[in-house]
Amino acid sequence: MLQAMPLSTQRVALVIQYLGTHFHGWQRQPNGRTVQEEIETVLSKVQERPVTLHGAGRTDSGVHAAAQVAHFEATGPIPPDKWAAILNSHLPDDILIRASAAVGSNWHARFSASWRRYRYTLYTDPKPNLFVQPFSWHYYYAPLDESLIQAALTPLVGSHHLAAFHRANSARSHSWVDVQAAECYRDGSFIHIEIQANGFLYGMVRLLVGLLVQVGKGERSPESFTELWVNQRRHEVKYSAPAKGLCLLRVGYPEFPFPPEVWFDTQPKLVLPTVTAEYCLS
């Protein structure tokens, strides 16, 4: 009796963008729409077999991604660089594959990554804006001083035990994080907070931002902020910033098959001009 020859496989990496608004996060769940499930469904349909997609990290419900990275095992004649176009022709409008490429069998979207970088955006103008709303926290209740936020962020750089910013129900067994960069800067009515680390705790960035807002408006000093996380006073971290202001900006690897223009900084920064009466009449 003839036996079927095993199918040869090729590991394929994807750079993925998604609008998190209508997703219950990245990871497949029994109930709720997820990014992983949407892409796996298309992959399985095209390949006519079950396919598992491995992501670089898990984003929470409502969080966006400008350059999430994932991989899967492909079989059949489709060239690795053609998978992006094929997937985009089947995926919904709130997911887009920026590019696809072949990687080695030992390359892993999660375990080969050296770092992840997130950006949080706050919109501080009192006037609401529908086109800004899906991608920022509209915080106008009190003025925010970005220099105070930066002063609070600077001591975070390094390897620290950040249990104060670790939400419950996490599968991670420890709270050690190697923070490689942490910065806050203003661009007109927008304040951006960017944090890069080897990995992130469950809910970490949103808990950080919720507390940093207290620093920015002068309710808590930068020194008090540092003392809180050094002494692991989780009970004082009560507020999590809204998910819609957070975006997984990019993921870094020692070896990556994509050029920088595909993945490095693909979330457009929101900009609103300063409008005066003279400007309107010109």
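Residues numbered from 1 in each chain as written. Predicted model: local features only at pLDDT ≥ 70, side-chain atom pairs only at ≥ 80, totals over all residues. Heavy atoms only, no water.

Chemist: Account for the packing of helix α3 (residues 146-153) against helix α4 (residues 204-216), with residues named and values stated.
Modeler: At their nearest, the axes of α3 and α4 sit 8 Å apart, and the two run at 125° to each other. Looking at the two axes, α3 sits oblique to α4. α3 and α4 meet at a crossing whose hand is right-handed. From α3, Leu148, Ile149, Ala152 and Leu153 reach across to α4, where they touch Leu212, Val215 and Gly216. Across the contact of α3 with α4, the residue classes tally to six nonpolar, one polar and no charged. (Axes fitted to C-alpha atoms, helices over the stretch in contact; angles between N-to-C directions. Helix = DSSP H or I, 4+ residues; strand = E, 2+ residues; numbered from the N terminus. Parallel < 35°, antiparallel > 145°, perpendicular 65-115°, else oblique. Left-handed = near helix turned anticlockwise from the far one by under 90°. Contact = heavy atoms within 4.5 Å. Nonpolar A, V, L, I, M, F, W, Y, C, P; charged D, E, K, R; others polar.)

Chemist: Outline the nonpolar core, listing residues and values.
Modeler: Membership of the largest hydrophobic core comes to 81 residues, with the highest contact counts inside it found for Phe165, Ile193 and Phe225. For this core, the element with the most residues is α4, which contributes nine residues. With near-sequence residues (within four places) excluded, Ile193 lies in contact with Tyr118, Arg119, Tyr120, Leu122, Ile149, Leu153, Glu183, Cys184, Val209 and Leu212. (Core = buried A, V, L, I, M, F, W, Y, C linked by side-chain atoms within 4.5 Å. Buried < 20%, exposed > 50% of the residue type's maximum accessible area, 1.4 Å probe, protein only.)

Chemist: So what's going on with the layout of surface pockets? Residues and values would help.
Modeler: Considered as a void within the structure, the second largest pocket measures approximately 310 Å³ in volume. Lining the second largest pocket are 19 residues, and of these Leu19, Phe135, Thr266, Gln267 and Pro268 sit closest to its centre. Secondary-structure elements contributing two or more residues to the lining of the second largest pocket are β1 (9-18), β3 (64-75) and β4 (95-102). In terms of residue count, β3 provides more of the lining of the second largest pocket than any other element does, three residues in total. Residues belonging to the lining of the second largest pocket are distributed by class as follows: 10 nonpolar, six polar and three charged. (1 Å grid on protein atoms, 1.4 Å probe; cavity = no way out; pocket = protein on both sides within 12 Å on 5 of 7 lines; lining within 4 Å. Points joined across faces, edges and corners; volume = space filled by probe spheres on them.)

Chemist: Please set out unusual backbone geometry residue by residue, giving values where relevant.
Modeler: Although it is not a glycine, Glu48 sits at a positive phi angle of roughly 55°. What makes Glu48 exposed here is its relative accessible area of 72%. The residue Gln232 is not glycine, and still its phi comes out positive at about 55°. In this fold, Gln232 is placed in the loop between α5 (222-230) and β10 (246-252). Relative accessible area serves as the criterion here: at 40%, Gln232 is assigned to the partly exposed category.

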